[in-house]
Amino acid sequence: MLTAADVAGLPLEEFAFPGPLRDQLVAAIVDGSKTSTTSLVEGYEPDEPLPVVGGRGVVIDSDGQPVCVIENTAVRIAPLGEVDEQHARDEGEGYETVAAWRAGHEEFWHGPEVRAEMGADHRVTDATLAVFVRFRVVAR
């Protein structure tokens, strides 16, 4: 069980938006099937730091409760068109091909929650810069 000392001073790691997708992703992190994630560079606030190797954060569930602490083991900023099959599989969502990963992620990134944050005309392309992160669970 996580203690106050485990999470003290660590940033929150929010996967997707609260609801079924977040619950699915958090469960996959806890069971070890999700060891990578992808976010868009444009989704970071100007004063929000990008992930770094060795950075840690507290994964929260849909109720905002801490579930585990993760540590970044690799961080790469690259265009979406450069995602590889291993990264897609390691996202723990059942993607077996880059094309399936891309379709699922475009559905999310072109969905209403993301468009509410980034604007109604928000679109991703092969050239859109993404942050590809690999991580491991260091505390539960």
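Structure: see above.
The model shown is predicted, which means the values in this text are computed figures rather than measured ones.

On to the pairing of strand 4 (residues 66–79). In the sheet, strand 3 (residues 56–60) pairs with strand 4 via five bridges, with the strands oriented antiparallel. Along strand 4, the bridge assignment pairs Arg-56 with Glu-71. Counting the residues that bridge the hairpin from strand 3 to strand 4 gives five residues, and of these Gly-64 lies at a positive phi of roughly 80 degrees. Note that strand 4 and strand 5 (residues 129–139) share ten bridges and pair antiparallel. Residue pairing in the sheet places Ala-78 in a bridge with Ala-130 of strand 5.

A sheet is described by the order of its strands in space; here five strands give the open sequence 1-3-4-5-2, paired in mixed fashion. Either end of the sheet is taken by a strand with one partner, and the two such strands are strand 1 (12–13) and strand 2 (36–40).

It is worth spelling out the packing of aromatic side chains at this point. In the structure shown here, the tally under the stated rule is three aromatic pairs. Ring centres 5.7 Å apart and planes at 40 degrees place the aromatic pair Phe-17 and Phe-108 in the tilted group. Residue Phe-17 is found in the loop between strand 1 and helix 2 (20–30), and its partner Phe-108 is found in helix 4 (residues 98–109); the two are separated by 91 residues along the sequence. Judged by centre distance (6.2 Å) and plane angle (80 degrees), the rings of Trp-101 and Trp-109 are edge-to-face. The buried category is assigned to Trp-101, whose relative accessible area is 0%.

Now for the side chain of Asn-72. Looking at the element boundaries, Asn-72 is found in strand 4. Classification of Asn-72 as buried rests on a relative accessible area of 9%. Discounting residues that sit within four places of it in the chain, Asn-72 has contacts with Pro-51, Val-52, Val-53, Gly-54, Gly-55, Val-133, Arg-134 and Phe-135.

Reading the values: the criteria
Residues numbered from 1 in each chain as written. Predicted model: local features only at pLDDT ≥ 70, side-chain atom pairs only at ≥ 80, totals over all residues. Heavy atoms only, no water. Pairing = 2+ DSSP bridges. Helix = DSSP H or I, 4+ residues; strand = E, 2+ residues; numbered from the N terminus. Phe/Tyr/Trp six-rings, centres within 6.5 Å; stacked < 30°, edge-to-face > 60°. Buried < 20%, exposed > 50% of the residue type's maximum accessible area, 1.4 Å probe, protein only. Contact = heavy atoms within 4.5 Å.

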